Amino acid sequence: MVQRETWATRTGFILAAVGSAVGLGNIWRFPFVTGEGGGAAFLLVYLLFVALIGFPAILAEFVVGRKTERNPVGALMELGGSAWKYVGGVFVLTGFVILSFYSVVAGWFIRYFLEGFRGSYGSLLAGYEGAAAEAELPEAAVMFGDVSTGLDAFVFHTLFMAVTIGVVALGIRRGIELAVKVMVPAIIVLLVGMAIWVATLPEASAGYSYYLSPEFGVIADNWATLLPAAAGQAFFTLSLGMGVMITYASYLGEDRNLTRDGTAIIGFDTGIAFLTGLVVFPVFFSAGMTEPGDGGPGAIFVSMTEAFATIGGGHVLGLLFFGTVSIAALSSAISLLEVVTAYVIDEKGVDRWKAALGMGGIIYLLGVPVTYDLIFLDLLDGFADGILLVFGALMLVILVGWIAPKVAVEELEKGIGNLGGLGQAWIWAIRVPILLVLVITLYLGVEGYVGFLTGDFADWISANL
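Since we're looking at a predicted model, the values are computed, not measured.

Conventions and cut-offs
- Residues numbered from 1 in each chain as written.
- Predicted model: local features only at pLDDT ≥ 70, side-chain atom pairs only at ≥ 80, totals over all residues.
- Heavy atoms only, no water.
- Axes fitted to C-alpha atoms, helices over the stretch in contact; angles between N-to-C directions.
- Helix = DSSP H or I, 4+ residues; strand = E, 2+ residues; numbered from the N terminus.
- Parallel < 35°, antiparallel > 145°, perpendicular 65-115°, else oblique.
- Left-handed = near helix turned anticlockwise from the far one by under 90°.
- Contact = heavy atoms within 4.5 Å.
- Salt bridge = Lys/Arg side-chain N within 4 Å of Asp/Glu carboxyl O.
- Buried < 20%, exposed > 50% of the residue type's maximum accessible area, 1.4 Å probe, protein only.
- Phe/Tyr/Trp six-rings, centres within 6.5 Å; stacked < 30°, edge-to-face > 60°.
- Lys NZ or Arg CZ within 6 Å of the ring centre and 35° of its normal.
- pLDDT = per-residue confidence, 0-100.
- Expected span 1.5 Å × (residues − 1).
- 1 Å grid on protein atoms, 1.4 Å probe; cavity = no way out; pocket = protein on both sides within 12 Å on 5 of 7 lines; lining within 4 Å.
- Points joined across faces, edges and corners; volume = space filled by probe spheres on them.
- Nonpolar A, V, L, I, M, F, W, Y, C, P; charged D, E, K, R; others polar.

> Go over the packing of helix 8 (residues 151-169) against helix 15 (residues 314-348) with me, naming the residues and quoting the values.
The geometry of helix 8 relative to helix 15 is characterised by a closest axis approach of 9 Å and an angle of 60 degrees between their N-to-C directions. As judged from the angle between their axes, helix 8 and helix 15 are oblique. Remark: the crossing between helix 8 and helix 15 carries right-handed chirality. Of the residues in helix 15, those touching helix 8 at Phe160, Val163, Thr164, Ile165, Val167 and Val168 are Ala329, Leu330, Ala333, Ile334, Leu337, Glu338 and Thr341.

Written out as structure tokens, the structure reads:
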């Protein structure tokens, strides 16, 4: 058995956990999901889910990881029995699938950052005027189409995965912990600076109103879509259901107060998401974009590029924004590869560098089709986000809440002391409300993915094969 590593400091663990969600959940996904949900109405429901659902759920992953000191496969098998190793495999598969397409998306951010050194974003868009007129599309949309697929997308996907593999191969202390201690504080500083800057933009107040002033009538009219969307984003942004928190907690000591660590992680993570909104929505409205929910996953590229080409100081702001997201993307990718790498190290006894290189290489190959056509991004994202992630979280809730609740409470009490009734309150929160939310979210996710397979994906196959 290969000697298992540990975190050198509490700060390293917290920053690694925060960094896991920053790029993947907060800066790329959070703005367009918030826009689709109507701005402030979604934000309010999302914050409630983070506090009431996300916190109990992250503690569930913590206790499983620390108790077993193993990866998701070994951890679930140890607590639930041999059949649970297949459920643990779902966690590993989730990280595997998400990183395959996320690496391509991260490559886009890096490309947009580097493009900013060639000139202003306005001058870059001017180069697409002819193609845009021919396609009857905005210049920014044509630019995104050029950047998101083809040889350049393939090259940046390759470079990003190479860096990710290198960091994970160096190990917990020399690789992951060292990297996040630099990256996460840099992300926070850059976001705070940008939030202060955009406050001076002419229509910033309209962006703040959209983002911060909820209309309760909107929530009442759209609760059926807002609730599962907010729940899904809460789990996504906290990296729950991916095996990340189980894996990272497996490197912890027993004297650590898990509730304190969980509070710090959720506070930092939610704060970064909130800061992102304070940057993005004032920029949107100052550039005349009053429908932030349009565009889906590509919206952040198309809309922000158009905005940076329009507003004063947009060139520098664009460089800062895309540079910040590039850093955040790496912090997320590191955590996802670590889940898969830890599985191979723990269960197969493979050296870390071989595990990181081998699994990272396979993940890289799975992501290559995304550089050919974005239909594969929808295929992988819908499967991971709508089904795998939620199913994994659901099974973990069943394990902790119904199969091993006594063990879970005892593990949580280490580093804290006797929880009394609070321990049982935590278990019942997992058993009922979180379980119900995940069942509803999984049903909607399966329904939506089947619709995609029989609709858009079937049409693509018919047109291309």
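> A description of the pattern of salt bridges should follow, citing residues and the corresponding values.
One pass over the structure, following the stated rule, counts 9 salt bridges. The salt bridge partner of arginine 111 is glutamate 115, with a shortest N-O separation of 3.1 Å. Here arginine 111 pairs with glutamate 115, and both are found in helix 4 (residues 84-115), just 4 residues apart, close to one helical turn. We classify arginine 111 as buried; its relative accessible area is 9%. When the shortest N-O distance is used, the salt bridge between lysine 406 and glutamate 410 registers 2.6 Å. Of this pair, lysine 406 and glutamate 410 are both found in helix 18 (residues 405-413), 4 residues apart, which corresponds to roughly one turn of the helix. With a relative accessible area of 61%, lysine 406 lands in the exposed category.

> Outline the packing of aromatic side chains, supporting the account with residue identities and numerical values.
If you walk through the whole model with that rule in mind, you get 27 aromatic pairs. Each ring, one from phenylalanine 308 and one from phenylalanine 322, has its centre 5.8 Å from the other, and the planes form 85 degrees; the classification is edge-to-face. Linking phenylalanine 308 in helix 14 (residues 299-308) with phenylalanine 322 in helix 15, this pair joins segments that are 14 residues apart in sequence. According to the relative accessible area criterion, phenylalanine 308 is buried, its value standing at 3%. For phenylalanine 322, a relative accessible area of 0% corresponds to the buried category. Centre to centre, the rings of phenylalanine 321 and phenylalanine 322 are 5.4 Å apart; their planes meet at 75 degrees, and the pair counts as edge-to-face. The same class applies to phenylalanine 321 and to phenylalanine 322, which are both buried. Among the aromatic side chains, those forming a connected cluster through ring pairs are Trp108, Phe109, Tyr112, Tyr121, Phe144, Phe301, Phe308, Phe321 and Phe322. Its end group placed over the ring of tryptophan 402, arginine 431 keeps NZ or CZ at 4.6 Å from the ring centre. One residue, arginine 431, lies across the ring of tryptophan 428, its end atom 4.5 Å from the ring centre.

> Pulling in residues and values, what's your account of the confidence of the model for the protein chain?
The predicted coordinates ought not to be read in detail in places where the model reports low pLDDT. Per-residue pLDDT for the protein chain has a mean of 85; in total, 94% of the residues score no lower than 70. Here helix 1 (residues 10-36) stands out as the least confident element of the protein chain, with mean pLDDT 75; helix 16 (residues 352-367) is the most confident, with 94.

> So what's going on with helix 13 (residues 258-286)? Which residues, and what values?
Compared with an ideal rise of 1.5 Å per residue, which puts 29 residues at 42 Å, helix 13 spans 42 Å between its outermost C-alpha atoms and is within 8% of the ideal. Counting buried residues along helix 13, 22 of its 29 residues qualify, which places the element largely inside the surrounding structure.

> Go over the layout of surface pockets with me, naming the residues and quoting the values.
In this structure, the largest pocket encloses a volume near 850 Å³. Taken together, 29 residues form the lining of the largest pocket, with Arg29, Asp385, Gly386, Leu444 and Gly445 sitting closest to its centre. Secondary structure elements with two or more residues in the lining of the largest pocket: helix 1, helix 11 (216-237), helix 17 (375-403) and helix 19 (421-464). With 8 residues, the top contributor of residues to the lining of the largest pocket is helix 11. Counted by class, the lining of the largest pocket contains 15 nonpolar, 9 polar and 5 charged residues.

> Can you lay out the environment of isoleucine 398 for me, pointing to particular residues and giving the numbers?
Among the structural elements, isoleucine 398 can be located in helix 17. The exposure class of isoleucine 398 is partly exposed, given its relative accessible area of 26%. When the C-alpha atoms of isoleucine 398 and isoleucine 430 are compared, they prove to be 8.2 Å apart, with 32 residues separating the residues in sequence. Leaving out residues up to four positions away in the same chain, isoleucine 398 has contacts with Trp84, Ile403 and Leu435.

> Before we move on, could you go through the packing of helix 8 against helix 16 and cite the residues and values that matter?
Across the interface, helix 8 lies against helix 16 with an axial gap of 9 Å and an inter-helix angle of 160 degrees. Between helix 8 and helix 16, the angle falls in the class roughly antiparallel. Between helix 8 and helix 16 lies a crossing whose hand is right-handed. Contact with helix 8, carried on its side by Phe154, His157, Thr158, Met161, Ile165, Val168 and Ala169, involves Arg352, Trp353, Ala356, Leu357, Gly360, Gly361, Ile363, Tyr364 and Gly367 of helix 16 and no other residues of that element.

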